[in-house]
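One-letter residues, chain by chain:
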Amino acid sequence: MLTEPQTSLQNDIVALLPALRNFARRFVSNDTDVDDLTQETIRKILVHIDSFVPGTRLKSWAFTIMRNTYMTEYKRQKRVQLRSTDEELFEIPVPCQQQLSIYTAEVSMALTRLPAYQRDALLLIVDGASYETAAQRCGCEIGTIKSRVSRARTTLAQMLGEPSMRAAASIH
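Residues numbered from 1 in each chain as written. Predicted model: local features only at pLDDT ≥ 70, side-chain atom pairs only at ≥ 80, totals over all residues. Heavy atoms only, no water.

Caption draft 1: Spotlight on the packing of aromatic side chains. Enumeration over the complete set of coordinates arrives at 5 aromatic pairs. Considering the side-chain rings of F23 and F27, the 5.1 Å spacing of their centres and the 90° angle between planes classify their relative orientation as edge-to-face. Residue F23 is classed as buried on the basis of its relative accessible area, which comes to 13%. Seen from their ring centres, F52 and W61 are 5.1 Å apart, and the 50° between their planes marks the pair as tilted. Assigned by exposure class, F52 and W61 land together as buried. Three or more aromatic residues joined by ring pairs form one cluster here, namely F23, F27, F63, Y70 and Y74. The side chain of K146 reaches across the aromatic face of Y131, ending 5.6 Å from its centre. (Phe/Tyr/Trp six-rings, centres within 6.5 Å; stacked < 30°, edge-to-face > 60°. Buried < 20%, exposed > 50% of the residue type's maximum accessible area, 1.4 Å probe, protein only. Lys NZ or Arg CZ within 6 Å of the ring centre and 35° of its normal.)

Caption draft 2: Structural context of the side chain of T41. With respect to the secondary-structure elements, T41 resides in helix α2 (residues 31-47). Overall, the relative accessible area of 0% leaves T41 in the buried class. Other than its neighbours up to four places away in sequence, T41 contacts L20, A62, I65 and M66. (Helix = DSSP H or I, 4+ residues; strand = E, 2+ residues; numbered from the N terminus. Contact = heavy atoms within 4.5 Å.)

Caption draft 3: Focus on helix α5 (residues 116-126). Regarding α5, the residues found buried are Q118, A121, L122, L124 and I125. The buried residues of α5 all sit within an arc of 160° when viewed along its axis, so they share a single face. Elements that come into contact with the buried residues of α5 comprise α4 (97-113), α6 (131-138) and α7 (142-159). G128 occupies a position one or two residues after α5 and carries a positive phi of about 110°. (Arc of directions from axis to C-beta.)

Caption draft 4: A look at the environment of G143. Its location among the elements puts G143 in helix α7. Judged by its relative accessible area of 47%, G143 is partly exposed. Taking C-alpha positions, G143 is 9.5 Å from E132, a pair spaced 11 residues apart along the chain.

Caption draft 5: Main features of the confidence of the model for the chain. With 81% of its residues at a pLDDT of 70 or more, the chain has an overall mean of 83. The weakest mean pLDDT in the chain belongs to helix α8 (residues 165-169) at 59; the strongest belongs to α6 at 92. (pLDDT = per-residue confidence, 0-100.)

Caption draft 6: Representation of the pattern of salt bridges. For the structure on display, the rule yields 3 salt bridges. For R43, the salt bridge goes to E40, with nearest N and O atoms at 2.7 Å. Placement of both R43 and E40 in helix α2 is noted, with a separation of 3 residues, approximately one turn of the helix. Since its relative accessible area comes to 26%, E40 is described here as partly exposed. For E73, the salt bridge goes to R76, with nearest N and O atoms at 2.7 Å. Of this pair, E73 and R76 both sit in helix α3 (residues 58-90), 3 residues apart, roughly one helical turn. The exposure class assigned to E73 is partly exposed, which follows from its relative accessible area of 33%. (Salt bridge = Lys/Arg side-chain N within 4 Å of Asp/Glu carboxyl O.)

Here's what the structure looks like:
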């Protein structure tokens with residue numbers, strides 16, 4: 001059960017709400033932020049109501065709490081923003097060279113295990129030669145080159161333990 005002075009104090013706090021909302025607009029412009037700041041101020045007033053000295057101005061005390069609440073949050077957000085900005089400076093995406101080196105060595109070893117006619121056909125195509133040019137250099141038909149390249153790719157994917165040609169073509 002609330003005593004008469006407590007009820008009067010709570011009524012005075014409720015009567016301060018419009019003034020607190022107007023004061024909050026000095027700090028923040030967004031209506032949601034105004035509501036949040038006012039609500040947080042009221043919460044702190046109610047939590048610390050026992051430290052209010054009767055006979056002093058409730059409005060001044062409440063405004064001081066609001067100003068301090070805003071400043072505390074403002075300083076906290078500045079620290080958080082600086083921290084997140086600092087961390088982003090160190091997060092420079094750099095490809096992992098070790099994995100690429102290991103994968104390159106594995107592909108190179110697998111290439112040496114291919115039959116020479118498949119390896120030669122595949123390397124010509126990988127170097128950018130057309131199927132016609134590769135067929136002329138290898139002394140065979142275009143269909144034969146296409147078949148050799150396809151078999152070389154499939155065999156390489158199997159040797160590398162890749163589930164598909166698409167997976168073998170991508171660098172992990």
